[in-house]
Amino acid sequence: DFLPLKCDACEQIFCKDHITYILHKCSSAYKKDVQVPVCPLCNTPIPVTRGQTPDVVVGEHIDRDCKSDPAQQKRKIFTNKCQKQGCKQKELMKVTCGDCHGNFCLKHRHPLDHDCTGKSAPISRTGHAALLRAQASSSKASASSSRSAPKPIAQPQRNR
């Protein structure tokens, strides 16, 4: 009942017990023993080139190309695109400008960084506060340098 079997990779003859590539240590097994991984989400075969790890390739497929619903929901986390011209950054949460109400990334969130066309001058709140302090300190310096004594400011009386 012995039937010789021919290996389809190395073309040598073996018995039924040693016909598998591993048992006869086939040197040409790489030609025929090719496994194609399948995406667990969309059941699509993923091509893997020699030397690549199948797990890494399937993971990249899920992150980029997978057509399944869970993979697409995973990809849509960063949906808030910056409205600054030329910027392609996307943020997890909306970052809106208080003046022009545009959606911007963290780098362009300040009015000076995105050429704001809002209702006020293109100065941030902290910049505006710094200008007010600078004007207040310059007016105090000019008042103390004048010859006449400054008039005291009348405080309104409060009734108890």
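The rules behind the values
- Residues numbered from 1 in each chain as written.
- Predicted model: local features only at pLDDT ≥ 70, side-chain atom pairs only at ≥ 80, totals over all residues.
- Heavy atoms only, no water.
- Helix = DSSP H or I, 4+ residues; strand = E, 2+ residues; numbered from the N terminus.
- Buried < 20%, exposed > 50% of the residue type's maximum accessible area, 1.4 Å probe, protein only.
- Contact = heavy atoms within 4.5 Å.
- Areas by Shrake-Rupley, 256 points an atom, 1.4 Å probe, with all protein chains shown as cover.
- Core = buried A, V, L, I, M, F, W, Y, C linked by side-chain atoms within 4.5 Å.
- Arc of directions from axis to C-beta.
- 1 Å grid on protein atoms, 1.4 Å probe; cavity = no way out; pocket = protein on both sides within 12 Å on 5 of 7 lines; lining within 4 Å.
- Points joined across faces, edges and corners; volume = space filled by probe spheres on them.
- Polar contact = N/O pair within 3.5 Å; in protein donor to acceptor, adjacent residues only side chain to side chain.
- Disulfide = S-S within 2.5 Å.

- As annotated in an unreviewed UniProt entry, the protein is AN1-type domain-containing protein from Staurois parvus.

Some details on the overall build of the protein
Item 1. On a plain count of helices and strands, the protein comes out with four helices and four strands.
Item 2. Taken over 160 residues, the protein has a buried fraction of 22%.
Item 3. When contacts within the protein are restricted to residue pairs at least 6 apart in sequence, those whose partners lie at least 24 apart make up 9%.
Item 4. A total of about 13500 Å² of accessible surface is found on the protein, and carbon and sulfur atoms cover 54% of it.

Quick word on the nonpolar core
Item 1. Core analysis: the biggest nonpolar cluster contains seven residues, these being C7, A9, C10, F14, Y21, C26 and A29.
Item 2. The residues contacting C10, other than those within four sequence positions of it, are H24, C26 and S28.

Quick word on the environment of V95
Item 1. Of note, V95 is situated in the loop between strand 4 (90-91) and helix 4 (125-145).
Item 2. Counting along the chain gives 13 residues from V95 to H108, while the straight-line C-alpha distance between them is 9.4 Å.
Item 3. Residue contacts for V95: discarding those within four places in its chain leaves G102, N103, F104, L106 and R109.

Comments concerning unusual backbone geometry
Item 1. Phi is positive for K25, which is not a glycine, with a value near 50°.
Item 2. As for its position among the elements, K25 is in the loop between strand 2 (13-14) and helix 1 (29-32).

Quick look at the environment of L3
Item 1. Inspection of the secondary structure puts L3 in the segment before strand 1 (5-6).
Item 2. On the basis of relative accessibility, which here comes to 64%, the residue L3 falls in the exposed class.
Item 3. Counting along the chain gives ten residues from L3 to I13, while the straight-line C-alpha distance between them is 9.8 Å.

Considerations on helix 2 (residues 54-64)
Item 1. Taken together, the buried positions of helix 2 are V57, V58, H61 and I62. Projected down its long axis, helix 2 carries its buried residues within an arc of 140°, all on one side. Exposed and oriented more than 90 degrees from the buried face of helix 2 are D55 and R64.

Digging into the layout of surface pockets
Vacant regions in the atomic arrangement are exposed by a probe of water-molecule size rolled over the atoms.
Item 1. In this structure, the second largest pocket encloses a volume near 230 Å³.
Item 2. Lining the second largest pocket are twelve residues, and of these V34, Q35, V48, T49 and R50 lie nearest its centre.

Section: the side chain of H24
Item 1. Note that H24 resides in the loop between strand 2 and helix 1.
Item 2. Side-chain polar atoms of H24 contact the backbone oxygen of H18, separated by 3.1 Å.
Item 3. Within the structure, H24 has its side chain in polar contact with the backbone oxygen of T20 (distance 2.8 Å).
Item 4. In this structure, H24 is in contact with C7, C10, F14, H18 and I19, ignoring residues within four places of it in sequence.

Quick word on the state of the cysteines
Item 1. This structure, assessed with the given rule, holds zero disulfides.
Item 2. Its sulfur unpaired, C39 is 3.5 Å from the next cysteine sulfur, which belongs to C42.
Item 3. The class for C39 is buried, based on a relative accessible area of 1%.

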